[in-house]
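# Fold and geometry: a report
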Amino acid sequence: MEGGKPSLSLVYQAVQALYHDPDPAGKERASVWLGELQRSMYAWEISDQLLQIKQDVESCYFAAQTMKMKIQTSFYELPAETHISLRDSLLSHIQNLKDLSPIIVTQLALAIADLALQMASWKGCVQTLIEKYSNDVSSLIFLIEILTVLPEEVHSRSLRIGANRRTEIIEDLAYYSSTVVTLLMSCVEKTGSDEKMLIKVFRCLGSWFNLGVLDSNFMANNQLLMILFQVLQRDETSTNLHEAASDCVCSALYAIENVDNNMPLALQLFQGVLTLETAYHMAVAREDLDKVLNYCRIFTELCETFLETIVRSPGQGLGDLRTLELLLICAGHPQYEVVEISFNFWYRLGEHLYKSDPVLHAIFRPYIQRLLHALARHCQLDPDHEGIPEDTDDFGEFRMRVSDLVKDVIFLVGSMECFSQLYATLKDGNPPWEVTEAVLFIMAAIAKSVDPENNPTLTEMLEQVVLLPQTVHSAVRYTSIELVGEMSEVVDRNPRFLDPVLNYLMKGLREKPLASVAAKAIHNICSVCRDHMAQHFQGLLDIARALDSFALSPEAAIGLLKGTALVLARLPLEKIAESLSDLCAVQVVALKKLLSQEPRNGKSSDPTVWLDRLAVIFRHTNPIVENGQTHPCQKVIQETVVQIWPVLSETLNKHQADNRIVERCCRCLRFAVRCVGKGSAALLQPLVTQMVNVYQIYPHSCFLYLGSILVDEYGMEEGCRQGLLDMLQALCMPTFQLLEQPSGLRNHPDTVDDLFRLATRFIQRSPVTLLGSQIIIHIIQCAIAATTLDHRDANCSVMKFVRDLIHTGLTNDHEDDFELRKQLIQQAMNQHGQQLVSQLIHACCFCLPPYTLPDVAEVIWEIMLFDRPTFCRWLESALKGLPKETSGGAVTVTHKQLTDFHKQVTSAEECKQVCWALREFTRLFR
């Protein structure tokens, strides 16, 4: 903080303002100032003083939270000799403040736990805390809070204590775990049936179960387990206590996932949960939804835990199928939220059975049939529902999850059998509209998995659906249109249905509530029945011309154009050019009209609708061209260079400050260039000039992306290479300025991603052009700096660039320039190799999440293939630079672990061995 340590009265004023200032700006100023204070060195002393003075709840909460944060993120600021006095002072604060507020106790408990995990000199902290506080009933509240958060913090992302220290702690906690359970039991005995204490005890026990350190034999015969189930069996248990007990049982079930190693406890839990069926029915009778949901969570966790046993030995011992009965009882509950809890289990059961002996399928089939019946019932809309089904509300999302689940488990029942049964319920009965709609919804989910070959049920069903009158409920029509779209394979095999199907869908397209779903179905039909649809192309073109006369969502309109473009590509070659010209003209006219208008706020002046439509046309017009024939789009796209480019160029200029519109312009150009390939060379010069000019003022990263497309298409053309390099150099200057700002890499990950995409394309298409240029050194330096960037796409692009860069000096593809490439890479590695390797190792240990490690491993592997002896020295030097101890005095990495890692990497025979070694090694620093 500037200006030195602030006075306590100033801190009090800021805390008061944060909580009580009626002016939001005042609150914001206080928040920023207090944030700065928390990051400063003064925060330690000031928090300590605030907790000592204990003036009010707000200042104590701020101080406790600051202490926790400092210990989590800035523990290295404190010299080792202050650790003991910090510990003693925190224990004294929590004792003095235990009655002020539970949230302050929690913050201080977290601070103490995080200190204990980092402070290697505090041996046997659990034992010392229990000895010090367990005999005083008034101290039990905070003692149990510390013992609850301690196991939770062991795997905290905020603490980088490393695998060595974490292993030591877990062994320590396992050693004292039975002492903790005995303490919890004595708390229950001392405080009788005090509900608050029971909740705390169950939370604490659950936390130790979650860490996986409780001895299962000891727990199987423990009184606490009996108390847990008694609480869950009692009808009069309060909601909060019921939830705490349920959480604890779920944690216990999760902890014994490896059933065979925890048999005594597994049996106790299994039998205990089966006794809760009566209590579940009681909760249903009392309409106590909270408890019903808790029981369903417990039943689901039981099934998840014993899943492998259920599949391995169904109906025997712990594979008892009463567990599935419990879930099906829950599926019968009228509220859909209850059955939804069990979805993950049913997915996993389906997965396990899919890989197993089909004989087993017959055992589980009746359970899945009952589940499907229940799901079809849950998918019913209310009888008084008006209009179409909502997709975006909670119930709409539930139906989508049902659709996904049905697709995943239908193989156990048989798609055809299920489809036939559903069809029979519609054909033979006369169900109310909401039942019909739900049945059609489930049929739409499975239609694609039914074999469309010679299938009379499917064709009969399709015939009936397209005859549905316009008078039926609009939700039934909506879902029937979805079903027709899903049955496009049937239409493709039975082209006689194409006309009636299209007529049916066209009726829907003309009605506002059904228009978008009908458009989506037409898109499906176009995608699957491309050849049959060619005869209907004129109709599609008419729809495309009048697109805005239909009440379509933007996605549905784009879908229709995509379908039209897919069919267009199947027309006779001579017709394609004229049709494409027609299709583009509609969008170009609209864009021209917008350009001539005065700018107005609102949708009418927004060109993105038309840009997206042009983009989708270019993207999906991919005719099949025989060798030697001219690309049919070439002529027309070259004409559209004359026709479309000035319009796109003007649109780009007019909206150059608006990232969203510029991005859509670039996307449209990208697909235009891709569509015609080399034929759009005339576009290159004016396009590059404009990109570079706008980028100097507005560095939108999409220009870099578009640049990478141009390099991909033209980088092999001798005549284009220098121009493309000039483009790259012109784009790099503003890019480097942007990325060199404070936190520039972190604040602009899209720019990093697109810059290295562009550089990678150059390495792939014209390596010597780039390697021989002045700009390459700056790009490599930027890449080395960006290796630490924790952003999935950006990091992936950086690693791919470095990997491909080195690889180009390794692949002798018999091109004349191989020796030159090798020599240029050798120069770059001599200059930057050590820095690159050190930065990669540092990034893996301290900056990057584990999912990025395979990409890093590929880079290391390429460096090693290029020059293994030199890499061995670079790696040794990088490892010497790593810290060997944490600020709390714990050993981060031993000499043996360093030498083992060095040996594993340098003697690896394939890339995945490097990846495994990196994974294990970086755990020491997490």
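Residues numbered from 1 in each chain as written. Predicted model: local features only at pLDDT ≥ 70, side-chain atom pairs only at ≥ 80, totals over all residues. Heavy atoms only, no water.

## Some points on the overall build of the chain
- Within the chain one finds 50 helices and zero strands.
- Considering only C-alpha atoms, the chain reaches an extent of 95 × 80 × 65 Å along its principal axes.
- Burial statistics for the chain: of 926 residues in total, 54% are counted as buried.
- The long-range fraction of contacts in the chain, counting pairs at least 24 apart against all pairs at least 6 apart in sequence, stands at 74%. (Helix = DSSP H or I, 4+ residues; strand = E, 2+ residues; numbered from the N terminus. Buried < 20%, exposed > 50% of the residue type's maximum accessible area, 1.4 Å probe, protein only. Contact = heavy atoms within 4.5 Å.)

## A closer look at the layout of surface pockets
- Within this model, the largest pocket holds a volume of roughly 820 Å³.
- If you trace the largest pocket, you find 33 residues lining it, with Leu159, Arg160, Ile161, Phe925 and Arg926 closest to the centre.
- Listing elements by their share of the lining of the largest pocket, those giving two or more residues are helix 4 (57-73) and helix 9 (162-191).
- Sorting elements by how many residues they give to the lining of the largest pocket places helix 9 first, with five residues.
- Split into classes, the residues belonging to the lining of the largest pocket amount to 14 nonpolar, 13 polar and six charged. (1 Å grid on protein atoms, 1.4 Å probe; cavity = no way out; pocket = protein on both sides within 12 Å on 5 of 7 lines; lining within 4 Å. Points joined across faces, edges and corners; volume = space filled by probe spheres on them. Nonpolar A, V, L, I, M, F, W, Y, C, P; charged D, E, K, R; others polar.)

## Details of the packing of helix 16 (residues 289-305) against helix 18 (residues 322-331)
- Relative orientation of the contacting elements helix 16 and helix 18 amounts to 145°, with a least axis distance of 9 Å. Seen along the crossing, helix 16 lies across helix 18 with a hand that is left-handed. On the side of helix 16, the interface is formed by Cys296, Phe299, Thr300, Leu302 and Cys303, while helix 18 contributes Thr323, Leu324, Leu326, Leu327 and Cys330.
- Looking at the contact of helix 16 with helix 18 residue by residue, the class counts come to eight nonpolar, two polar and no charged. (Axes fitted to C-alpha atoms, helices over the stretch in contact; angles between N-to-C directions. Left-handed = near helix turned anticlockwise from the far one by under 90°.)

## As for a negative patch on the surface
- A cluster of acidic residues, Glu337, Glu390, Asp391, Asp393, Asp394 and Glu397, forms a negative patch on the protein surface.
- Structurally, Glu337 can be placed in helix 19 (residues 336-340). (Patch = residues over 30% accessible without salt bridge, like charges linked within 9 Å, V, L, I, M, F, W, Y side chains within 5 Å. Areas by Shrake-Rupley, 256 points an atom, 1.4 Å probe, with all protein chains shown as cover. Salt bridge = Lys/Arg side-chain N within 4 Å of Asp/Glu carboxyl O. Lys, Arg positive; Asp, Glu negative; His and termini not counted. Charge placed at Lys NZ, Arg CZ, Asp CG, Glu CD.)

## Looking at helix 15 (residues 277-285)
- Of the positions making up helix 15, those classed as buried are Ala279, Tyr280 and Ala283. Axial view of helix 15: buried residues confined to an arc of 105°, hence all on one face. Projecting away from the buried face of helix 15 at angles above 90 degrees are the exposed residues Thr278 and Ala285.
- If you follow the buried residues of helix 15, they end up packed against helix 12 (223-233), helix 16 and helix 18.
- Downstream of helix 15 by a residue or two, Glu287 has a phi angle that is positive, lying close to 55°. (Arc of directions from axis to C-beta.)

## Some points on the state of the cysteines
- With the rule as written, the count across this model stands at zero disulfides.
- For the unlinked cysteine Cys529, the closest cysteine sulfur is that of Cys526, found at 8.2 Å.
- We note that Cys668 lacks a disulfide partner, and the nearest cysteine sulfur, in Cys665, lies 7.1 Å from it.
- A residue is classified by how much of its surface remains accessible, and Cys668, at 0% relative accessible area, is buried. (Disulfide = S-S within 2.5 Å.)

## Quick notes on the pattern of salt bridges
- Within this structure, the stated rule accounts for 41 salt bridges.
- The salt bridge involving Arg765 is made with Asp712; its shortest N-O contact spans 2.7 Å. Of this pair, Arg765 sits in helix 42 (residues 749-765) while Asp712 sits in helix 39 (residues 702-714), placing them 53 residues apart in sequence.
- With a relative accessible area of 14%, Asp712 lands in the buried category.
- The partner of Arg803 in a salt bridge is Asp804, with the nearest N and O atoms 2.5 Å apart.
- With relative accessibility at 9%, the residue Asp804 sits in the buried group.
- If you follow the salt bridges from partner to partner, you end up with Arg674, Asp712, Glu713, Arg761 and Arg765 in one network.

## Here's the deal with the environment of Cys665
- With respect to the helices and strands, Cys665 occurs in helix 37 (residues 659-676).
- Residue class for Cys665 comes out buried when judged on its relative accessible area of 1%.
- Sequence separation between Cys665 and Leu706 is 41 residues; the distance between their C-alpha atoms is 10.0 Å.
- Residues in contact with Cys665, not counting those within four places in the same chain, are Leu611, Leu648, Thr651 and Leu652.

## So, the packing of aromatic side chains
- Counted under the stated rule, the structure contains 16 aromatic pairs.
- Note on Phe756 and Phe801: the rings are 5.4 Å apart at their centroids and 45° apart in plane angle, and the pair reads as tilted. Of this pair, Phe756 sits in helix 42 while Phe801 sits in helix 45 (residues 792-807), and the two are 45 residues apart along the sequence.
- The buried category is assigned to Phe756, whose relative accessible area is 0%.
- A relative accessible area of 0% places Phe801 in the buried class.
- Through a chain of ring-to-ring contacts, three or more aromatic side chains come together here, namely Tyr336, Phe343, Phe395 and Phe398.
- The ring of Trp122 has Arg87 sitting right over it, with the charged end atom 5.0 Å from the ring centre.
- Here the basic side chain of Arg613 rests over the ring of Trp610, its NZ or CZ set 4.8 Å away from the ring centre. (Phe/Tyr/Trp six-rings, centres within 6.5 Å; stacked < 30°, edge-to-face > 60°. Lys NZ or Arg CZ within 6 Å of the ring centre and 35° of its normal.)

## Thoughts on the side chain of Asp754
- In this structure, Asp754 sits in helix 42.
- Looking at Asp754, the relative accessible area reads 9%, which means it is buried.
- Among all residues touching Asp754, those that are not within four sequence positions of it are Ser701, Cys702, Leu704 and Tyr705.

## Concerning the environment of Cys782
- Within the fold, Cys782 resides in helix 44 (residues 775-786).
- Its relative accessible area of 10% is what places Cys782 among the buried residues.
- For the pair Cys782 and Phe736, spaced 46 residues apart in sequence, the C-alpha separation works out to 7.9 Å.

## Some details on unusual backbone geometry
- Look at Lys54: it is not a glycine, yet its phi comes out positive at around 60°.
- Among the structural elements, Lys54 can be located in the loop between helix 3 (42-53) and helix 4.
- Since its relative accessible area comes to 39%, Lys54 is described here as partly exposed.
- In this structure, Ser743 takes a positive phi of about 55° despite not being glycine.
- Looking at Ser743, the relative accessible area reads 48%, which means it is partly exposed.

## What to know about helix 18
- The buried count for helix 18 comes to seven of 10 residues, which makes it a mostly enclosed element.
- The complete set of buried residues in helix 18 reads Thr323, Leu324, Leu326, Leu327, Leu328, Cys330 and Ala331.

## Describing the environment of His333
- Examined against the element boundaries, His333 turns out to sit in the loop between helix 18 and helix 19.
- Residue His333 is classed as buried on the basis of its relative accessible area, which comes to 9%.
- Through-space distance from the C-alpha of His333 to that of Gln897 is 56 Å; in sequence the pair is 564 residues apart.
- Those residues in contact with His333 that sit more than four places away from it in its chain are Tyr280, Val284, Leu289, Val292, Val338 and His378.

## Description of the packing of helix 1 (residues 8-20) against helix 2 (residues 24-39)
- Put simply, helix 1 and helix 2 touch, their axes get as near as 8 Å, and they point 135° apart. With respect to their mutual orientation, helix 1 and helix 2 come out oblique. Of the two elements, helix 1 crosses helix 2, and the hand of that crossing is left-handed. Taking contact as the criterion, the partners of Leu10, Val11, Ala14, Val15, Ala17, Leu18, Tyr19 and His20 in helix 1 are, on helix 2, Lys27, Ala30, Ser31, Trp33, Leu34 and Leu37. (Parallel < 35°, antiparallel > 145°, perpendicular 65-115°, else oblique.)

## Topic: the side chain of Asn524
- If you trace the backbone, Asn524 turns up in helix 29 (residues 512-528).
- Asn524 gets classed as buried once you look at its relative accessible area, which sits at 17%.
- Residues in contact with Asn524, not counting those within four places in the same chain, are Gly485, Glu486 and Ser488.

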